[in-house]
Every structure is written in structure tokens, then in C-alpha cells.
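# Architecture and fold: a report
Listed below, chain by chain, are the residues.
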Amino acid sequence: MNKKKYALISVFDKKNLFSICKTLTHYNIGIISTGLTAKNIKSIGFNCKTISNLTKFPEILDGRVKTLHPKIHASLLYDRINKKHASVFNKLNFPIIDFVIINLYPFEKITKSSSNQNSYIDMIDIGGPTILRSAAKNFNSITAISDPKDYSDFIKNIKRNNGITSIDFRKKMAQKVFLKTSKYDFLIS
């Protein structure tokens with residue numbers, strides 16, 4: 001089955017999204033996004049499906065719950081060459097996500113600039129690291145970009161490989177994701 005491929009984009013830092021969206025659109029890769037990122041993508045002239053429309057579950061609790069959904073993680077985690085996985089996934093009738101572009105809330109920066117716990121508690125990102133780790137775990141099929149500094153390398157790699165990324169690039173990005181997301185495993189005192 002040759003289903004259209006999608007990129008899931010949910011970013012705190014919305015700079016430089018135009019070049020990412022332009023590249024994805026050039027290769028007929030659909031864009032899926034969350035609330036504010038989706039609005040931004042649409043405002044710069046690109047089509048975008050929202051997570052809530054696809055999952056049929058609205059963002060709740062002031063946006064604290066938006067990407068924690070089994071259909072999203074099934075799309076990210078199913079082994080593309082495992083027939084049983086493909087059979088289960090196809091029954092979900094959900095887009096295939098092959099690219100994840102997420103940059104996390106600036107928790108570390110906020111905690112350094114404020115000692116008020118209430119001012120930074122919402123900067124503790126739950127969905128972002130979870131999505132990134134799911135995507136990175138399946139790096140054989142999925143590209144996970146966690147840092148805007150990697151956008152230009154991503155664009156070069158996808159152009160060089162005619163709409164996909166190389167396994168070496170995906171593996172390198174996965175390693176960055178695991179380093180970045182494990183860095184914030186901590187306790188708040």
C-alpha cells in the first residue's frame with residue numbers, strides 16, 4: 001500500500017518553518033501539526049492537518065494534552081517491514097508519519113531566569129519528548145529533528161535523497177534526540 005507520507009511538526013521556536021514546509025510540500029509530504037504551530041504554518045501559506053482533527057480528540061487542559069494519543073504513537077512506532085504491525089496500523093486509518101520536527105519548550109532557560117515555580121511549570125514538556133523518542137526509536141523509517149539548527153542539514157539530506165533521508169542521517173538525528181531528551185530527566189525540588 002502506497003499511502004501518502006506525513007511530517008508531524010510541533011515547535012516552540014517557530015522561526016524558519018517556511019523553508020521546512022516548502023521542502024516538505026515540494027516532495028508531496030503532508031503536514032500535521034498542533035494548535036499554535038498549525039496556525040503559524042497556515043499563516044505562512046501552507047496546508048496543514050491538525051492533530052485533533054485526525055485523532056478526533058481535542059487538545060485539553062490548556063494544551064497540556066495534545067499529542068499523547070495511541071494513533072500518533074502507532075504511526076511512529078510500527079515496524080514498516082513487519083506485516084503484522086502494518087496490518088494493525090492500517091486498521092487505524094491514520095496517516096503514516098515519517099518525519100517528526102519538534103523543538104521543546106525552553107525549560108532550562110526559563111528556570112535559570114526565574115525562581116518562581118509557577119512561571120516555569122508549564123515549560124515541562126511531556127508530549128514533545130515522548131513523540132521525539134517514539135520517532136527516534138524507529139529511526140530505520142522515521143526522521144526525528146529536535147533542533148532548529150538541524151533544519152538546513154535536514155533540507156540538504158532530503159533533497160539529496162529525493163524526498164527521503166538517508167539511514168545515516170536518521171540515526172544521527174535519533175542519537176541527538178536521545179541525548180537531548182534524557183538530559184532533562186530530573187526531579188523538581
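Refer to the structure above for everything that follows.
Summary of the structure given here. (Residues numbered from 1 in each chain as written. Predicted model: local features only at pLDDT ≥ 70, side-chain atom pairs only at ≥ 80, totals over all residues. Heavy atoms only, no water.)

### A look at the overall build of the protein chain
Here is the rule: Secondary structure elements follow DSSP: runs of H or I no shorter than four residues count as helices, runs of E no shorter than two count as strands, and numbering proceeds from the N terminus. Buried, partly exposed and exposed residues are distinguished by accessible area as a fraction of the type maximum, computed with a 1.4 Å probe on protein chains only: under 20%, between the cut-offs, and over 50%, respectively. We call two residues contacting when some pair of their heavy atoms lies within 4.5 Å. The method behind every accessible area is Shrake-Rupley, applied with a 1.4 Å probe, and residues are considered shielded solely by the protein chains displayed.
Scanning the protein chain for helices and strands turns up 10 helices and five strands. The 189 residues of the protein chain split such that 42% are buried. In the protein chain, once contacts between residues fewer than 6 apart in sequence are set aside, the share between residues at least 24 apart is 64%. Put simply, the protein chain shows about 10900 Å² of open surface, and 54% of that area lies on carbon and sulfur atoms.

### Here we look at the sheet that holds strand 2 (residues 30-33)
The criterion, for reference: Should DSSP find at least two bridges between two strands, the strands are regarded as paired.
Spatial strand order, 3-2-1-4-5: five strands in an open sheet with parallel pairing. Looking at which strands have only one partner, the edges of the open sheet turn out to be strand 3 (49-50) and strand 5 (143-145). For strand 4 (residues 96-103) and strand 5, the ladder comprises three bridges, and the chain directions are parallel. In the sheet register, V100 faces strand 5, and the bridge partner there is A144.

### Some thoughts on helix 4 (residues 70-77)
Basically, it comes down to this: Starting at the helix axis, one direction is taken to each C-beta atom, and the arc is that of these directions.
Residues of helix 4 that are buried: I72, H73, S75 and L76. Projection of helix 4 onto a plane perpendicular to its axis shows the buried side chains occupying an angular sector of 155 degrees, all on one side.

### Quick notes on the environment of P148
Note on placement: P148 falls in the loop between strand 5 and helix 9 (151-160). Accessibility expressed as a relative area gives 23% for P148, which makes it partly exposed. In this structure the C-alpha to C-alpha distance between P148 and K15, which are 133 residues apart in sequence, comes to 8.1 Å. Here P148 is in contact with D13 and N103, once residues within four sequence places are set aside.

### A closer look at the packing of helix 4 against helix 5 (residues 83-92)
This is how it is decided: Here the axes come from fitting lines to C-alpha atoms, over the contacting stretch only for helices, and the angles between their N-to-C directions go from 0 to 180 degrees. Left-handed is the label given to a crossing in which the near helix is rotated counterclockwise from the far helix by less than a right angle, and right-handed is the label when the rotation is clockwise. In this classification, the charged set is Asp, Glu, Lys and Arg, the nonpolar set is Ala, Val, Leu, Ile, Met, Phe, Trp, Tyr, Cys and Pro, and all remaining amino acids, among them Gly, are polar.
Packing of helix 4 against helix 5 leaves a shortest axis separation of 10 Å and a crossing angle of 145 degrees. Both helix 4 and helix 5 take part in a crossing whose hand is left-handed. Along the contact surface, helix 4 presents K71, A74, S75 and L77, while helix 5 presents H85, F89 and L92. A class-by-class count of the residues in the contact of helix 4 with helix 5 yields four nonpolar, two polar and one charged.

### Observations regarding unusual backbone geometry
Located in the positive-phi region is N16, a residue other than glycine, with phi close to 65 degrees. Mapped onto the secondary structure, N16 falls in the loop between strand 1 (5-11) and helix 1 (17-26). The exposed category is assigned to N16, whose relative accessible area is 52%. Not every positive phi belongs to a glycine, and N93 is a case in point at roughly 50 degrees. Within the secondary structure, N93 sits in the loop between helix 5 and strand 4. Given a relative accessible area of 66%, N93 falls into the exposed group.

### A look at the packing of aromatic side chains
So the rule is basically this: Pairing of aromatic rings covers Phe, Tyr and the six-membered ring of Trp, with a centre-to-centre limit of 6.5 Å; geometry is then stacked below 30 degrees between planes, edge-to-face above 60, and tilted otherwise. Consider the ring centre and the ring normal. A charge sits over the ring if Lys NZ or Arg CZ is within 6 Å of that centre and within 35 degrees of that normal.
One pass over the full model with this rule turns up three aromatic pairs. Between Y78 and F89, the ring centres sit 4.3 Å apart and the planes meet at 15 degrees, which makes this aromatic pair stacked. Note that Y78 is positioned in the loop between helix 4 and helix 5 and F89 in helix 5, a separation of 11 residues in sequence. Each member of the pair, Y78 as well as F89, is classed as buried. Note that K4 overlies the ring of Y6, its terminal NZ or CZ placed 5.9 Å from the centroid. Against the face of Y78 rests R80, its NZ or CZ located 4.3 Å from the ring centre.

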